[in-house]
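Each chain is listed here by its residues.
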Amino acid sequence: MIREEQPQKYHVLARGVILTDNHLLVAHCIGMDNTFLPGGHVEFHESIRTSLYREINEELGLISEVGPYIGAVEAEHEDEGTYHQEINHIFITKLENADYRKNPESKESHLEFYWIPINEMDRHNLLPQPMRKIIENYINDVEGPFFESTFEEV
């Protein structure tokens, strides 16, 4: 249960959907049981697109092309007594020389990156969970942008 007096953090994130040959590039924090899309926090004085470009370069050492905006996912979770609320802005993103047969090398020791078949997002526990629906809508040519949430509607 979330308590008002507990520490709280709000995150604005830029995430990239990187697809090649029906495979999706995911990030995994070593020791955790979930995956997430590459990207990260938006910094002050930086656009969301620039943040995604920078994060991919920092995490993978690769040049990316940040393409169309496809939607947003808001989510909440609790971690070690702190309540976290986040908004994930999602872009189709391309990597130079992307090949699902070769996992990119992480430049950050706590992260690893690997390709999963697009139909295995559930098996690899891609979070936040509503991200899966946005990716499926994009793949199935459903017109967007899309908005999904883990919050209960009022």
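Residues numbered from 1 in each chain as written. Predicted model: local features only at pLDDT ≥ 70, side-chain atom pairs only at ≥ 80, totals over all residues. Heavy atoms only, no water.

Peer 1: Just to check I follow, could you spell out the overall build of the chain for this structure?
Peer 2: Helix and strand counts for the chain stand at two helices and eight strands. Each helix and strand of the chain, ordered N terminal to C terminal, gives the series β-β-β-β-α-β-β-β-α-β. Relative to the compact-globule value of 15 Å for 154 residues, the chain shows a C-alpha radius of gyration of 15 Å, a close match. Taking the principal axes of the C-alpha coordinates as reference, the chain spans close to 50 × 35 × 35 Å. Considering the chain as a whole, with its 154 residues, one finds that 46% of them fall into the buried category. The contacts of the chain with a sequence gap of at least 6 include a subset with a gap of at least 24, amounting to 65%. By element, 48% of the accessible surface of the chain is carried by carbon and sulfur atoms, the whole surface being about 9200 Å². For the chain, the distance from the average site of its 12 positive side-chain charges to the average site of its 29 negative ones is 5 Å. (Helix = DSSP H or I, 4+ residues; strand = E, 2+ residues; numbered from the N terminus. Rg over C-alpha atoms; globule rule 2.2 N^0.38 Å. Buried < 20%, exposed > 50% of the residue type's maximum accessible area, 1.4 Å probe, protein only. Contact = heavy atoms within 4.5 Å. Areas by Shrake-Rupley, 256 points an atom, 1.4 Å probe, with all protein chains shown as cover. Lys, Arg positive; Asp, Glu negative; His and termini not counted. Charge placed at Lys NZ, Arg CZ, Asp CG, Glu CD.)

Peer 1: Just checking my understanding: could you explain the layout of surface pockets for this structure?
Peer 2: The rolling of a water-molecule-sized probe over the atoms marks out the regions of remaining empty space. Its volume calculated, the largest pocket comes out at about 810 Å³. Surrounding the largest pocket, 29 residues form its lining, Arg 15, Asn 34, Phe 36, His 77 and Glu 86 being those nearest its centre. Of all the secondary structure elements, the ones that give two or more residues to the lining of the largest pocket are β1 (8-17), β4 (39-41), α1 (48-60), β5 (64-79) and β6 (82-95). For the lining of the largest pocket, the leading source of residues is β5, giving five residues. Tallied by class, residues from the lining of the largest pocket come to ten nonpolar, eleven polar and eight charged. When its volume is computed, the second largest pocket comes out at roughly 220 Å³. Lining the second largest pocket are 13 residues; nearest its centre among them are Leu 62, Asn 97, Lys 102, Asn 103 and Pro 104. Here the residues of the lining of the second largest pocket are counted per class, giving six nonpolar, two polar and five charged. (1 Å grid on protein atoms, 1.4 Å probe; cavity = no way out; pocket = protein on both sides within 12 Å on 5 of 7 lines; lining within 4 Å. Points joined across faces, edges and corners; volume = space filled by probe spheres on them. Nonpolar A, V, L, I, M, F, W, Y, C, P; charged D, E, K, R; others polar.)

Peer 1: Explain a nonpolar patch on the surface here, please?
Peer 2: Taken together, the side chains of Leu 19, Tyr 138 and Ile 139 present a nonpolar region at the surface, about 220 Å² in accessible area. Within the fold, Leu 19 resides in strand β2 (residues 19-20). (Patch = residues over 30% accessible without salt bridge, like charges linked within 9 Å, V, L, I, M, F, W, Y side chains within 5 Å. Salt bridge = Lys/Arg side-chain N within 4 Å of Asp/Glu carboxyl O.)

Peer 1: Looking at this model, I keep getting lost on the sheet that holds β6. Mind explaining?
Peer 2: The strands making up a sheet are joined through hydrogen bonds of the backbone, oriented either antiparallel or parallel. Strand order across the open sheet formed by five strands is β4-β1-β6-β5-β8, with mixed pairing between neighbours. Either end of the sheet is taken by a strand with one partner, and the two such strands are β4 and β8 (146-149). Shown here is a sheet whose adjacent strand axes are inclined to one another by a mean of 20°, direction ignored. As defined by bridge partners, β5 adjoins β8 across four bridges and the pair is classed as parallel. Of the residues in β8, the one forming a bridge with Ala 72 is Phe 147. (Pairing = 2+ DSSP bridges. Axes fitted to C-alpha atoms, helices over the stretch in contact; angles between N-to-C directions.)

So yeah, pure geometry; function would need other evidence.
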